[in-house]
Amino acid sequence: MLTRQERAPIVPEEESNTKWRIVVNEDWCKGCGFCYTFCPREVLEKSDKFNTKGYYPPVATNIDRCVGCGLCEALCPDFAIHVEENEEHSKRGGK
Ligand code: SF4
Ligand code: SF4
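First, a word on scope: everything that follows refers to the structure included in this document. Computed from a predicted model, the values in this text were never measured in an experiment.

Attention now moves to the site of ligand 2. Taken together, the neighbourhood of ligand 2 is formed by 15 residues, with C29, C32, F34, C35 and C76 sitting nearest. Its residues assigned to classes, the shell around ligand 2 comprises 11 nonpolar, 2 polar and 2 charged.

Quick look at the structure:
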């Protein structure tokens with residue numbers, strides 16, 4: 001299991017005012033596209049930058065639309081994407 005520090009947050013915590021955070025271990029991604037194709041809220045898009053393996057990982061371009069359903073995480077065959085509750089949002093009393 002990776003620690004939070006070992007994962008690369010797509011949306012830095014200080015910039016996110018949403019309840020959910022999408023965290024991607026970019027170098028585990030094999031660019032299958034399941035996460036950004038099947039996200040029911042169109043939160044994710046294919047990055048325009050490739051990872052160290054030459055694949056394009058997802059980017060959470062519409063994080064404010066995320067409902068934390070976890071489908072992206074469940075579908076990823078490489079365990080490269082995770083959904084986390086944004087602790088900063090909770091501390092500020094967000095819902
Ligand atoms: S948790 Fe659900 S809504 Fe959020 S990015 Fe993943 S699939 Fe989309
Ligand atoms: S489902 Fe996983 S391996 Fe496929 S594009 Fe998304 S993060 Fe990468």
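Looking now at the site of ligand 1. Near ligand 1 there are 15 residues, and of these C39, V43, C66, C69 and C72 occur at the shortest range. When contributions to the shell around ligand 1 are tallied by element, the ones reaching two or more residues are β2 (20–24) and α2 (71–75). Of the residues in the shell around ligand 1, the class split is 12 nonpolar, 2 polar and 1 charged.

Ranked by internal contacts, the top residues of the largest apolar core, which has 17 residues, are I22, C35, V43, L44 and I81. Those elements that place two or more of their residues in this core are β2, α1 (34–38) and β4 (58–60). No other element matches the 3 residues that β2 contributes to this core. When residues no more than four places from it in sequence are discounted, the contact partners of V43 are I22, A60, N62, I63, R65 and C66.

Calculation criteria
- Residues numbered from 1 in each chain as written.
- Chains lettered and ligands numbered in written order.
- Predicted model: local features only at pLDDT ≥ 70, side-chain atom pairs only at ≥ 80, totals over all residues.
- Near = placed C-beta within 6 Å.
- Nonpolar A, V, L, I, M, F, W, Y, C, P; charged D, E, K, R; others polar.
- Helix = DSSP H or I, 4+ residues; strand = E, 2+ residues; numbered from the N terminus.
- Core = buried A, V, L, I, M, F, W, Y, C linked by C-beta atoms within 7 Å.
- Buried ≥ 20, exposed ≤ 12 C-beta atoms within 10 Å, placed from the backbone.
- Contact = placed C-beta atoms within 7 Å.

Geometry only, nothing functional implied.
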